[in-house]
Amino acid sequence: MSPAGGLAASHWALGASTLAFTVCFAVWTIFSIIGVRIKAELGLSDTQFGILIATPVLTGSISRVFLGIWTDQFGGRVIFSVQMLLTAVAAWLLTLATTYEMFLVAALGVGLAGGGFAVGVAYVSKWYPKERQGTALGIFGMGNVGAGITSFGAPILLAALGGEWQAVARVYAVAIAITGVVFYLVTKDDPVTRARRTSHKAHASFLEQLEPLRKQQVWRFALYYFFVFGAFVALALWLPRYLIGAYGLDIKTAGMITAAYAVPASLFRAYGGSLSDKIGARKVMYVTFIVSLICLFMLSYPATHYTIEGIHGPINFSTSMGLVPFVVLIFILGFVMSLGKAAVYKHIPVYYPGHVGAVGGVVGMIGGLGGFVLPIAFGVMNDLTNIWTSCFMLLFAIVVASLGWMHVAVRQMERQAVGTELGALPQFPELQGVEIPKGAAEPKDHVLTDWRPEDPAFWKDTGAAVARRNLWISIPCLLLAFAVWMVWSVVVAKLPSIGFTYTTDQLFWLAALPGLSGATLRIFYAFMVPVFGGRTWTTLTTLSLAIPAFGIGYAVQDPETPYVLFLVLALLCGFGGGNFASSMANISFFFPKSQKGNALALNAGLGNLGVSVMQFAVPLVITAGVFGVMGGEPRATADGTSLWLQNAGFIWVPFILASTVAAWFGMNDIASAKATFAEQSVIFQRKHNWIMCWLYTGTFGSFIGYSAGLPLLAKSQFPTVDSLQFVFVGPLVGALARAATGWISDRFGGGRVTFWSFILMILGVVGVLYFLGIKDQPGAFWGFFAMFMVLFFATGVGNASTFQMIPVIMRKEMEHLMPHLNPADRLRQAEKEAAAIIGFTSAIAAYGAFFIPKAYGSSIALTGGPQGALWGFMIFYVSCAVITWLVYTRKGGLLHDIERGRAAPLATLTEQPAEQGSSS
């Protein structure tokens, strides 16, 4: 129950306050739109314009201190209503101004709207208990969306009113006046104010209200708020001017894009409050500052032209950020700012319940001053540097200083807290000496310290749900990784049609290089999950996919882009290939032996679908302006059609960002899975590690190599057939086969299934060779295509079966490799080594993505056809089938008795940990 005496009354007060603050914020930022017209009328410089749009922010900031204190003294209902009515008068008088000086005076009055924040914080916080104030104030802070309403709606209103900015100002004046009157009529005094009046107790004096301002932590909060709120306001005011000048947009489009920044930076504030209640504000602040650093670094980089002295003359190219990535980065920046704003204000009512108005007012004032100082600084820097991105350079410096100061302070307190458990430390270092309210310490993070999947009771009660959640978040992350990894297989087939004059061999190199870099990265990625944790590593590697996705979108728009830049981008796409090793190693830790084969098959199989999804989606999205004006201009093809090839990269970015967020907030690390690289390197001494590398190269190496090479191979061998509309079916068949047949290996044994998979692959290659030999005859393409479907199906089945073999092999081998260990320790060691081998074999096998397309290109260059490469593949499959039979499936082989249910050691091995776990 809330302090208000009723939940409905609390919610009513919160809703009315949020609506009032939204209107106030819309009025407070009105100069971001009408200021552009005023600038044109008066012929203002950028510096003068910056001063004009920042002046309301100055009043709104300074007034927060007084309004906050008066709210504590007289109640928010009265103060909020009076503040809105006075703002309405100032907004109406603004329309009478004719000189720059008069506009500045009027702007000071309009700025009173910004003071409503301090009133609302003090008023709303008194309706809720401490454990819910973060969420409540986060919802109230959503009123920042008023900036988005102005950015989006004011240009439309301006056009509807014939371009007369004075009419817009009058509409705003009437709106805030009505809001002030309605707020007074529909709300009540807060419980604290009512109780004080009932008891006839005098309110605290002005000086008593200011007493907490002597504490250092208040000013630390203010520093954080200077960026998360001050920079938000500054950008909301400055972005229309920036977009019009830097990108040549009209005011309506610039306003809508500014709204795309301001709206999420406001709406997600409620989520930031809830998150601060759940995981602690310090963690939220770290996320805010780190992500802001990354975004601002990219936004700060100005358009630059490079000249490289090449062997045959100078090579010229340029780098610049297009409108689409700019909007995406601004959206992300606004999102993390919204989290930070809520995190700062989470603390104020908790630590200063009797001084929320004064402390909240001062913190809000400093933040608001950021909104005043920064737009002026943006204008001055534009005039001095003549660089549009200078505003982001300044913000980058501010975040570096803020993050550095916060982290140094945190580390100092940790060093001083000798003998103190870190989980009990205050959320901010400056809060030493402050009594921490019960329940205020930050909860534990996402590390699972007790994980026993082989214990049936634990698995049923806890483990299954957690493991499946991690699996279903991992799958879309892996799907996107495969999509980005293989995107060049389609892009290279379209480059010649839009003016890129590369040879066939050069195109095959571009298709092959992602496989080379992806396979190499897998070698390192395979060992990263036990070092960093699956959740952390999945988040970082998924986010890294945005780099090549953005890069492709830039590069393909200009046929003058140097070939060397395409080579670099092709290598960067290997980030997606590397992700597979870490993803599979991570998921292998979550499931018991009986379900491991199916879980790995689902993760890998549905992840492999990324290749098919990409080969199906990219040919569609490049034929339309999916992103409108933000996506750039299309390129004309030889047949007169238009292609937006840049969409092949841009289309993945929103999904990458969403999956990154899901991984960070939804996945877990397993404490028992932690291991150093040195501990994992023991697998290099295991002979079965190298045998499985050979076999998995035959299955997965073929799948990914055929996926990368089939589009270009089909186009080169059957030029009269529009094969690009069909090639996605191959990876689809392989991926679904892997996902759907994992249970077969669990049921009959991975070794036996792997052997028959290689037999089917041998037959598939024979069929491909046959139809290539008659490729000039009708129907040859469909025979060629059908045989490749057989190959894809066989590789999918073999992918699942080989991975099912690895944990079984290591459990069996550990009995004689480490007989001195007890069964539980042997099981843990087997699981760690199996996970490392899974990752390492996937790394080696991924080289198939390089060698198969390159083998096609070399064979065509040397012999005029790909048959030589295919004969080599078939000989390799024969060797894989022979090795599988000799080592694993024949009578006397390592897996013969286990797969036929004649061996018991593994059952004993898996039962022991469950018994120990149950008794512990």
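Note that the coordinates shown come from a computational prediction; the quantities given were computed from them, not determined experimentally.

### What to know about the overall build of the protein chain
Moving on, step 1. From N to C terminus, the protein chain includes 41 helices and six strands.
Moving on, step 2. Every one of the 920 residues in the protein chain was classed for burial, and the buried ones make up 60%.
Moving on, step 3. Taking the contacts inside the protein chain whose residues are at least 6 apart along the sequence as the reference set, 83% of them involve residues at least 24 apart.
Moving on, step 4. Of the accessible surface of the protein chain, which amounts to about 34200 Å², a share of 67% is contributed by carbon and sulfur atoms.

### A few points about the nonpolar core
Moving on, step 1. Ranked by size, the top nonpolar core spans 256 residues in total, and within it Trp488, Leu495, Trp652 and Phe788 carry the most contacts.
Moving on, step 2. Per-element tally for this core: the top contributor is helix H12 (residues 216-247), with 17 residues.
Moving on, step 3. What Leu495 contacts, discounting residues up to four positions off in sequence, is Trp488, Phe500, Tyr502, Leu507, Leu510, Val556, Phe566 and Leu645.

### Remarks on the pattern of salt bridges
Moving on, step 1. Inspection of every chain in the model, using the stated rule, returns two salt bridges.
Moving on, step 2. Between Asp455 and Arg452 there is a salt bridge, and its shortest N-O distance comes to 2.6 Å.
Moving on, step 3. Under the relative-accessibility criterion, Asp455 is labelled buried at 4%.

### Considerations on the packing of aromatic side chains
Moving on, step 1. According to the stated counting rule, one finds 37 aromatic pairs in the structure shown.
Moving on, step 2. Ring centres of Tyr123 and Phe183 lie 6.0 Å apart, and the angle between their planes is 65°; this geometry places the pair in the edge-to-face category. Taken together, the residues Tyr123 in helix H6 (residues 116-125) and Phe183 in helix H9 (residues 165-186) connect sequence positions 60 residues apart. No difference in accessibility class separates Tyr123 from Phe183, as the two residues are buried.
Moving on, step 3. Over the face of the ring belonging to Tyr184 we find Arg77, whose NZ or CZ atom lies 4.0 Å from the ring centre.

### Some details on the packing of helix H4 (residues 76-94) against H9
Moving on, step 1. At a closest axis distance of 8 Å, the pairing of H4 and H9 adopts a crossing angle of 165°. Comparing the axis directions of H4 and H9 gives the class roughly antiparallel. Taken as a pair, H4 and H9 cross one another with a handedness that is left-handed. Note on element contacts: H9 touches H4 through Trp165, Ala169, Arg170, Ala173, Val174, Ile176, Ala177, Thr179, Gly180, Val181, Phe183 and Tyr184, opposite Gly76, Arg77, Val78, Phe80, Ser81, Met84, Leu85, Thr87, Ala88, Ala91, Trp92 and Leu94.

### Points about the environment of Arg828
Moving on, step 1. Mapped onto the elements, Arg828 comes out in helix H37 (residues 823-845).
Moving on, step 2. For the pair Arg828 and Arg811, spaced 17 residues apart in sequence, the C-alpha to C-alpha distance is 9.4 Å.

### Thoughts on the side chain of Ser517
Moving on, step 1. Relative to the helices and strands, Ser517 is located in helix H22 (residues 504-525).
Moving on, step 2. On the basis of relative accessible area, Ser517 is assigned to the buried category, the value being 11%.
Moving on, step 3. At a separation of 2.6 Å, a polar atom in the side chain of Ser517 contacts the main-chain carbonyl oxygen of Leu571.
Moving on, step 4. In contact with Ser517, not counting residues within four places along its chain, are Ala570, Leu571 and Gly574.

### Comments concerning the confidence of the model for the protein chain
Moving on, step 1. Predicted confidence across the protein chain gives a mean pLDDT of 75, with 79% of residues reaching 70 or more.
Moving on, step 2. The lowest-confidence element of the protein chain is helix H41 (residues 905-919), averaging 34 in pLDDT; the highest-confidence one is helix H39 (residues 867-889), averaging 90.
Moving on, step 3. Of the regions scoring below 50 in pLDDT, residues 1-5 engages in 16 contacts with residues more than four places distant in sequence or in other chains.
Moving on, step 4. The low-confidence segment residues 904-920 (pLDDT under 50) makes 26 contacts with residues lying over four places distant or belonging to another chain.

Procedures and definitions
- Residues numbered from 1 in each chain as written.
- Predicted model: local features only at pLDDT ≥ 70, side-chain atom pairs only at ≥ 80, totals over all residues.
- Heavy atoms only, no water.
- Helix = DSSP H or I, 4+ residues; strand = E, 2+ residues; numbered from the N terminus.
- Buried < 20%, exposed > 50% of the residue type's maximum accessible area, 1.4 Å probe, protein only.
- Contact = heavy atoms within 4.5 Å.
- Areas by Shrake-Rupley, 256 points an atom, 1.4 Å probe, with all protein chains shown as cover.
- Core = buried A, V, L, I, M, F, W, Y, C linked by side-chain atoms within 4.5 Å.
- Salt bridge = Lys/Arg side-chain N within 4 Å of Asp/Glu carboxyl O.
- Phe/Tyr/Trp six-rings, centres within 6.5 Å; stacked < 30°, edge-to-face > 60°.
- Lys NZ or Arg CZ within 6 Å of the ring centre and 35° of its normal.
- Axes fitted to C-alpha atoms, helices over the stretch in contact; angles between N-to-C directions.
- Parallel < 35°, antiparallel > 145°, perpendicular 65-115°, else oblique.
- Left-handed = near helix turned anticlockwise from the far one by under 90°.
- Polar contact = N/O pair within 3.5 Å; in protein donor to acceptor, adjacent residues only side chain to side chain.
- pLDDT = per-residue confidence, 0-100.

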